[in-house]
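# Notes for the structure review
Spelled out from the first residue to the last, the chains are:
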Amino acid sequence: MELGKRNISFILLLFFCYLSFGQIMEKAKVDSIFYNWDSLEVPGGAIGIIKDNALIYAKGYGIADLEHDIVITPSSVFYIGSVSKQFVAFCVLLLEEQGKLNLDDPIQKFLPDFPEYDSPLTIRHLIHHTSGIKDFFALMEMKGSSYLDKLEAKDVYNLIKSQSELNFLPGEDHLYSNSCYFMLGMIVEKAGGKSLEKFAEDNIFGPLGMKNTTFYDDNTQLIKNKVFSYAKSPKENRFLNLIMRYDLVGSGGIYTTVEDLYLWDMNFYNNKLGESGQGIIQKMHQDGLLNNGESCGYAFALNNGNYKGLKTVSHSGALAGYRAQLMRFPEQHFSIIILANRDDADPTGLSYQIADLFLSDEFKMVSKELKVVD
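The text that follows walks through the structure, step by step, so that each part is easy to find. (Residues numbered from 1 in each chain as written. Predicted model: local features only at pLDDT ≥ 70, side-chain atom pairs only at ≥ 80, totals over all residues. Heavy atoms only, no water.)

Along the backbone of the protein chain there are 11 helices and 13 strands. Relative to the globule expectation of 21 Å for 374 residues, the C-alpha radius of gyration of the protein chain, 23 Å, shows essentially globular dimensions. C-alpha extents for the protein chain along the principal axes are approximately 85 × 50 × 45 Å. For the protein chain, the residues scored as buried account for 49% of the 374 residues in total. Look at the contacts in the protein chain between residues 6 or more apart in sequence, and 66% of them connect residues 24 or more apart. When the accessible area of the protein chain is evaluated, it comes to approximately 17900 Å², of which 52% is carbon and sulfur surface. Mean positive and mean negative side-chain charge positions of the protein chain (35 and 47 charges, respectively) differ by 4 Å. (Helix = DSSP H or I, 4+ residues; strand = E, 2+ residues; numbered from the N terminus. Rg over C-alpha atoms; globule rule 2.2 N^0.38 Å. Buried < 20%, exposed > 50% of the residue type's maximum accessible area, 1.4 Å probe, protein only. Contact = heavy atoms within 4.5 Å. Areas by Shrake-Rupley, 256 points an atom, 1.4 Å probe, with all protein chains shown as cover. Lys, Arg positive; Asp, Glu negative; His and termini not counted. Charge placed at Lys NZ, Arg CZ, Asp CG, Glu CD.)

Another aspect to go through is the sheet that holds strand 12 (residues 322-329). With respect to topology, 6 strands assemble into an open sheet ordered 2-1-13-12-11-10, the strand pairing being antiparallel. Looking at which strands have only one partner, the edges of the open sheet turn out to be strand 2 (54-61) and strand 10 (303-307). Taking each pair of neighbouring strands and ignoring which way they run, the sheet shows an average axis angle of 20 degrees. In the sheet, strand 10 pairs with strand 11 (residues 310-319) via 5 bridges, with the strands oriented antiparallel. (Pairing = 2+ DSSP bridges. Axes fitted to C-alpha atoms, helices over the stretch in contact; angles between N-to-C directions.)

Let us now look at helix 6 (residues 178-192). Between the first and last C-alpha of helix 6 there are 21 Å, a value that for 15 residues agrees with the 21 Å anticipated at 1.5 Å per step. Most of helix 6 sits out of view: 12 of its 15 residues are buried. Among the residues making up helix 6, those that are buried are Asn-178, Ser-179, Cys-180, Tyr-181, Phe-182, Met-183, Leu-184, Gly-185, Ile-187, Val-188, Ala-191 and Gly-192. For helix 6, the elements touching its buried residues are helix 2 (85-97), helix 3 (123-127), helix 4 (136-143), helix 5 (153-161) and helix 7 (196-208). (Expected span 1.5 Å × (residues − 1).)

Turning to the side chain of Asp-260, a few remarks are in order. Structurally, Asp-260 can be placed in helix 8 (residues 258-267). Although Asp-260 is buried, it makes no salt bridge; Lys-211 carries the closest opposite charge, 8.7 Å away. Of the polar contacts made by the side chain of Asp-260, one reaches the backbone nitrogen of Lys-211; its length is 3.3 Å. Residues within four places of Asp-260 in sequence aside, it is in contact with Gly-209, Met-210, Lys-211, Asn-212 and Thr-213. (Salt bridge = Lys/Arg side-chain N within 4 Å of Asp/Glu carboxyl O. Polar contact = N/O pair within 3.5 Å; in protein donor to acceptor, adjacent residues only side chain to side chain.)

Inspection of the secondary structure puts Arg-323 in strand 12. At a separation of 3.5 Å, a polar atom in the side chain of Arg-323 contacts the main-chain carbonyl oxygen of Asp-343.

Tracing the backbone shows Glu-96 in helix 2. Glu-96 has contacts with Leu-101, Leu-103 and Lys-283, leaving out every residue within four places of it along the chain.

Moving on: the packing of aromatic side chains. The way to describe two aromatic rings as a pair is by their centre distance and the angle between their planes. Per the stated rule, a full pass over the model turns up 21 aromatic pairs. An angle of 55 degrees between the planes, with centres 5.6 Å apart, marks the rings of Phe-136 and Phe-182 as tilted. Within this pair, whereas Phe-136 is found in helix 4, its partner Phe-182 is found in helix 6, the two being separated by 46 residues in sequence. Comparing Phe-136 with Phe-182, the two get one shared label, buried. (Phe/Tyr/Trp six-rings, centres within 6.5 Å; stacked < 30°, edge-to-face > 60°.)

Turning next to the nonpolar core. In this structure, Phe-87, Phe-114, Ile-123, Ile-204 and Trp-264 are the most contacted members of the largest nonpolar core, which totals 91 residues. Among the elements that make up this core, the one with the highest residue count is helix 2 (9 residues). With near-sequence residues (within four places) excluded, Ile-123 lies in contact with Val-92, Leu-101, Asn-102, Leu-103, Asp-105, Ile-107, Phe-110, Leu-184 and Ile-187. One finds Phe-34, Tyr-57, Phe-358 and Val-366 within the second-largest nonpolar core, a separate group that totals 24 residues. (Core = buried A, V, L, I, M, F, W, Y, C linked by side-chain atoms within 4.5 Å.)

Strand order in the open sheet formed by 3 strands is 5-9-6, and the pairing between neighbours is antiparallel. Every interior strand has two partners, whereas the edge strands, strand 5 (78-79) and strand 6 (214-215), have only one. In this structure, strand 6 lies alongside strand 9 (residues 254-256), joined through 2 bridges in antiparallel fashion. Within the sheet, the bridge partner assigned to Thr-214 lies in strand 9 and is Tyr-255.

Quick look at helix 4 now. Buried residues of helix 4: Phe-136, Phe-137, Leu-139 and Met-140, and no others. The buried residues of helix 4 occupy one face: seen down the axis, they fall within an arc of 160 degrees. Exposed side chains of helix 4 directed beyond 90 degrees from the buried face belong to Glu-141 and Met-142. Close packing links the buried residues of helix 4 with helix 5, helix 6 and strand 11. N-capping of helix 4 is provided by Asp-135, with a side-chain oxygen placed 2.8 Å from the backbone N of Phe-137. (Arc of directions from axis to C-beta.)

Moving on: the packing of helix 2 against helix 8. Contact geometry for helix 2 and helix 8: axes closest at 13 Å, N-to-C directions at 45 degrees. When the axes of helix 2 and helix 8 are compared, the pair comes out oblique. Crossing hand, helix 2 versus helix 8: left-handed. For the pair helix 2 and helix 8, the contacting residues are Gln-86, Phe-87 and Phe-90 in the first and Leu-261, Trp-264 and Asn-267 in the second. Its residues placed into classes, the contact of helix 2 with helix 8 shows 4 nonpolar, 2 polar and no charged. (Parallel < 35°, antiparallel > 145°, perpendicular 65-115°, else oblique. Left-handed = near helix turned anticlockwise from the far one by under 90°. Nonpolar A, V, L, I, M, F, W, Y, C, P; charged D, E, K, R; others polar.)

Here it is, written out as structure tokens:
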């Protein structure tokens, strides 16, 4: 009897050793993907890998501040660019749930000074980038302004609304425009009765425990553990400062961490916000429709996609030297977060490489099923 117990204990020990070795090997393979960031002399990034609502791997590579040799960790705070848009969209849906707006309201209900064109413009058009409104970054560049400078919100809005025509009639086409979400941020403020920063803090960041996340609308405010952004120099292994005073919110504007984005990712499986439970989450994933009834290919600041036969939900972000990607494989309960502070980073491509490591069996299974169908 005693010998049997010892055999079982030995078998269990071997099993757990096998699991531990497997996890070590997986992590080593992940680290090899980021080998050129894993240095105390270059900027890099932070990653988070989520499986079944557990943050199974989180790590920082490279330097957050090259002038002071501060290393990047999973707690480092990055600017995430357009990944911010999904938080704006969620704020809009919360306001709809509260009865403070309707997605089919004309935008002039909240922005009465915005011009009326040949066809009504609605909040829904802004959400799905089917408005035809010109992108303010392109307009500012034509004017000779740099996004690295502080841009006054009123000047940007005046420039947007001064355009004599739209790119196309609302709903006729899809064209990504940062102006749409900049204006949605303004609508959240009008409908919610408080700034976008405060509304998101009260209704999303606070309730989810995202303590290091904010819509940064005042560049004089300090951000603890902030990561600075860099541009790759033509000279080998040299990087240049990309100092950014930009503090507009809506089209972007969030500073956050891998650890906080993990909390946001978990909420997609078990929503704790608002009153409709998973109903609001399901709505977030619904693609917008064009006037002809076809999908515009863009949901509520989420891109529904496919990688090697597996469904993905994702969005990327970029500004100055910051690069970001939050990619979810919802049916596998698997997500990847990559935040970088170097302009040569490709977080989307790197996310696919991580997926190849962890979801190889699922990819093989889908491939076999497709062959059977053929």
